[in-house]
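What follows is each chain in one-letter form.
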Amino acid sequence: MSADKSTSWSYTEGLPVEDAVLRRARERSHDLGLFPVSPGVAAVLTVLAATSKAQTAVEIGTGAGVSGVALLRGLGPKAVLTTIDPDVDHLKAAREAFTESGSPANRTRTISGRGQDVLPRLTDAAYDLVFIDADKPSFPDYVEQAIRLLKSGGLLIINDALDKDRVSDPAIRESSTVVLRQVGKLIREHDSLISAMLPTGDGLLLAVKR
Ligand SMILES: C[S@@+](CC[C@H](N)C(=O)[O-])C[C@H]1O[C@@H](n2cnc3c(N)ncnc32)[C@H](O)[C@@H]1O
């Protein structure tokens, strides 16, 4: 990356001015040892949620709610976010963030469980948006589930898709990097998806279901 590109990336990540709700959610994330989405990714999530006009969204990997608040801020007033995490402390922190954001309780459905167990119970073609930000070894399974869950025209968003800039270097064989390389290939080559990679944060992979 040229020095200018790296400067532009830092500049872009520094542009969003986050309010007290997001700042507190970030503090809770750090207290719990979590890595929430970057400010640039949070801003993109809000824009994508708004532009998609999604009524039904699923998040895998609630954390302490930074990405959830960002999604809720873009989703319409009647939209519902279903968010899944096996860790009850993370869910408790996220609920605090959702409440502080002013989002009515009936707009979020927090499910305590592993994505692998919960996603198969959700209805086919019932969701407009799926956001994946959980355990990386399971990303290929989550992508398969997301394709089943999404309506035609629905949007899939995958966080950390460049895995700390390692995905582009084929010599790097870290397990998380190999998985994310596979996920990128699977999505690019999938007949029912139209995709694009954004370098925002640690890489945000977007795909629309035809
Ligand atoms: C990087 S954090 C999510 C951060 C969150 N999206 C945000 O921006 O605030 C990853 C989360 O995935 C959760 N997780 C781990 N294994 C999981 C699984 N099998 N299914 C769903 N979530 C899982 C962790 O408990 C953690 O809260």
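None of these values were measured; they are calculated from a predicted model.

Honestly, the nonpolar core in this entry has me stumped. Any pointers?
Grouped burial of nonpolar side chains is what soluble globular proteins tend to show. Of all hydrophobic cores here, the largest spans 29 residues; its most connected members are Leu 45, Leu 129, Phe 131 and Ile 157. Ranked by residue count, the leading element in this core is helix 3 (residues 39-52), at 6 residues. By size, the runner-up hydrophobic cluster in this structure holds 28 residues, among which are Phe 139, Val 143, Val 167 and Leu 193.

What am I meant to see in the site of the ligand here?
In the region of the ligand, 24 residues are neighbours, and Ser 67, Asp 85, His 90, Gly 115 and Asp 133 sit closest. Here Val 37 contributes a backbone N or O atom positioned 2.9 Å from an oxygen atom of the ligand. Asp 133 places a polar side-chain atom, nitrogen or oxygen, 2.7 Å from a nitrogen atom of the ligand. Out of a free accessible area of 610 Å², the ligand has 87% covered by protein chains. Judged by its atoms lying within 2 Å of the grid points, the ligand is housed in the largest pocket. For the shell around the ligand, the secondary structure elements donating two or more residues are strand 1 (56-60), helix 4 (66-74), strand 2 (80-85) and helix 6 (115-118). Taken together, the residues of the shell around the ligand sort by class into 10 nonpolar, 8 polar and 6 charged.

Just to check I follow, could you spell out helix 3 for this structure?
In an α-helix, one turn spans 3.6 residues; hence positions three or four apart end up facing the same way. In a regular helix each residue adds 1.5 Å, so 14 residues correspond to 20 Å; helix 3 covers 20 Å between its end C-alpha atoms and thus fits that length. Of all the positions in helix 3, only Gly 40, Val 41, Ala 42, Val 44, Leu 45, Leu 48 and Ala 49 are classed as buried. Looking one or two residues past helix 3, Lys 53 carries a phi angle of roughly 55 degrees, positive in sign.

Cut-offs and rules
- Residues numbered from 1 in each chain as written.
- Predicted model: local features only at pLDDT ≥ 70, side-chain atom pairs only at ≥ 80, totals over all residues.
- Heavy atoms only, no water.
- Core = buried A, V, L, I, M, F, W, Y, C linked by side-chain atoms within 4.5 Å.
- Buried < 20%, exposed > 50% of the residue type's maximum accessible area, 1.4 Å probe, protein only.
- Helix = DSSP H or I, 4+ residues; strand = E, 2+ residues; numbered from the N terminus.
- Near = heavy atom within 4 Å.
- Polar contact = N/O pair within 3.5 Å; in protein donor to acceptor, adjacent residues only side chain to side chain.
- Areas by Shrake-Rupley, 256 points an atom, 1.4 Å probe, with all protein chains shown as cover.
- 1 Å grid on protein atoms, 1.4 Å probe; cavity = no way out; pocket = protein on both sides within 12 Å on 5 of 7 lines; lining within 4 Å.
- Sits in = over half its atoms within 2 Å of the grid points.
- Nonpolar A, V, L, I, M, F, W, Y, C, P; charged D, E, K, R; others polar.
- Expected span 1.5 Å × (residues − 1).

From the geometry alone we can't say anything about function, so treat these as descriptive.
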